[in-house]
Amino acid sequence: MDMRADSRRVAFALTHCVAAPRDRVWAALSDAGHLTQWWAPAGAQMRAASLSFHLGGRFLYVIERPNEPPRWGRWVYRDIIEPARLVFVGSLLDTKGGVTRHPRVPHWPRYVHHTLELADAPVGTELRLCSRPVHASDAEIRAFEDGHDRLRRDVLDAWVRLDAYLAGEIEIQTEKESHHAS
């Protein structure tokens, strides 16, 4: 299946400056141990099932929230240019590993193409994200466009946690501690 973004549609775009050098930001994006510390939504725990960080590789993860069933996700890496560009297609998965719908947003696109660019900035690293649905129906396009505000909040929250993590303000939890906290 062709997983290029649908260029006919309106994309979600966001820019943010992280107060850390690009190599440290890249490490936080390319290592499962780092990703699980800051990428999970507020109030949730993220565990990595696996990370194969190479072209065609995958990041499989689970997000756990109190009183909710776990939510599995996958990123499939389409382009990696260290330390400047990361392209991946994100999807939610069912318990058998098949691509599924978002439980709270039933028309959310099953595949979303993300391009994240990193550039040196005077105070750290500028992150530029552009996301578009892949092979989406008109209803999925509308859900994606209607969800831009929520997506903006979620991504900015993650980037604020990234800032805090790289500044040493977020205490690193080991996988064992993460299970006990649940």
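Residues numbered from 1 in each chain as written. Predicted model: local features only at pLDDT ≥ 70, side-chain atom pairs only at ≥ 80, totals over all residues. Heavy atoms only, no water.

## Comments concerning the overall build of the protein chain
Scanning the protein chain from N- to C-terminus turns up 5 helices and 8 strands. Looking at the protein chain as a whole, 42% of its 182 residues are labelled buried. Contacts spanning at least 24 positions in sequence make up 53% of the contacts within the protein chain whose residues lie at least 6 apart. Split by element, the accessible area of the protein chain, about 9,900 Å² in all, is 51% carbon and sulfur. (Helix = DSSP H or I, 4+ residues; strand = E, 2+ residues; numbered from the N terminus. Buried < 20%, exposed > 50% of the residue type's maximum accessible area, 1.4 Å probe, protein only. Contact = heavy atoms within 4.5 Å. Areas by Shrake-Rupley, 256 points an atom, 1.4 Å probe, with all protein chains shown as cover.)

## Quick word on the environment of Ile141
Turning to its location among the elements, Ile141 is positioned in helix α3 (residues 138–146). Judged by its relative accessible area of 5%, Ile141 falls in the buried class. Spatially, the C-alpha atoms of Ile141 and Ala11 are 9.8 Å apart, while their sequence positions differ by 130 residues.

## Here we look at the packing of aromatic side chains
For the structure on display, the rule yields 10 aromatic pairs. Measuring from ring centre to ring centre gives 5.6 Å for Trp39 and Trp75, while their planes differ by 85 degrees; the resulting arrangement is edge-to-face. Remark: Trp75 occurs in strand β4 (residues 71–81) and Trp39 occurs in the loop between α2 (32–38) and β2 (45–51); sequence separation between them is 36 residues. Taking relative accessible area as the criterion, Trp75 reaches 6% and is therefore assigned buried. Through successive ring pairs, a cluster of aromatic residues spans Trp26, Trp38, Trp39, Phe53, Phe59, Tyr61, Trp75, Tyr77 and Phe88. (Phe/Tyr/Trp six-rings, centres within 6.5 Å; stacked < 30°, edge-to-face > 60°.)

## A look at the side chain of Glu140
Inspection of the secondary structure puts Glu140 in helix α3. Take Glu140: its relative accessible area is 5%, and that puts it in the buried class. Within the structure, the side chain of Glu140 is placed 2.4 Å from the side chain of Arg101, a separation counted as a polar contact. Dropping the residues within four chain positions of it, Glu140 is found in contact with Arg101, His107, Trp108, Pro109, Arg110 and His135. (Polar contact = N/O pair within 3.5 Å; in protein donor to acceptor, adjacent residues only side chain to side chain.)

## Topic: unusual backbone geometry
Cis geometry is found at the peptide bond from Glu82 to Pro83, where omega equals -10 degrees. If you check the backbone angles, Asn67 has positive phi at about 65 degrees while not being a glycine. Structurally, Asn67 is set in the loop between β3 (58–64) and β4.

## Let's talk about α3
Taken together, the buried positions of α3 are Glu140, Ile141, Ala143 and Phe144. In a view along the axis of α3, the buried residues occupy a sector of 165 degrees, so they form one face of it. For α3, the secondary structure elements touched by its buried residues are β1 (12–18), β7 (112–121), β8 (124–133) and α4 (148–166). (Arc of directions from axis to C-beta.)

## Some words on the pattern of salt bridges
Per the counting criterion, the structure on display carries 10 salt bridges. In this structure, the salt-bridge partner of Asp120 is Arg22, at a minimum N-O distance of 3.2 Å. Residue Asp120 is located in strand β7, and its partner Arg22 is located in helix α1 (residues 22–30); the two are separated by 98 residues in the primary sequence. On the basis of relative accessible area, Asp120 is assigned to the exposed category, the value being 57%. With a shortest N-O distance of 2.9 Å, Glu64 and Arg47 are connected by a salt bridge. (Salt bridge = Lys/Arg side-chain N within 4 Å of Asp/Glu carboxyl O.)

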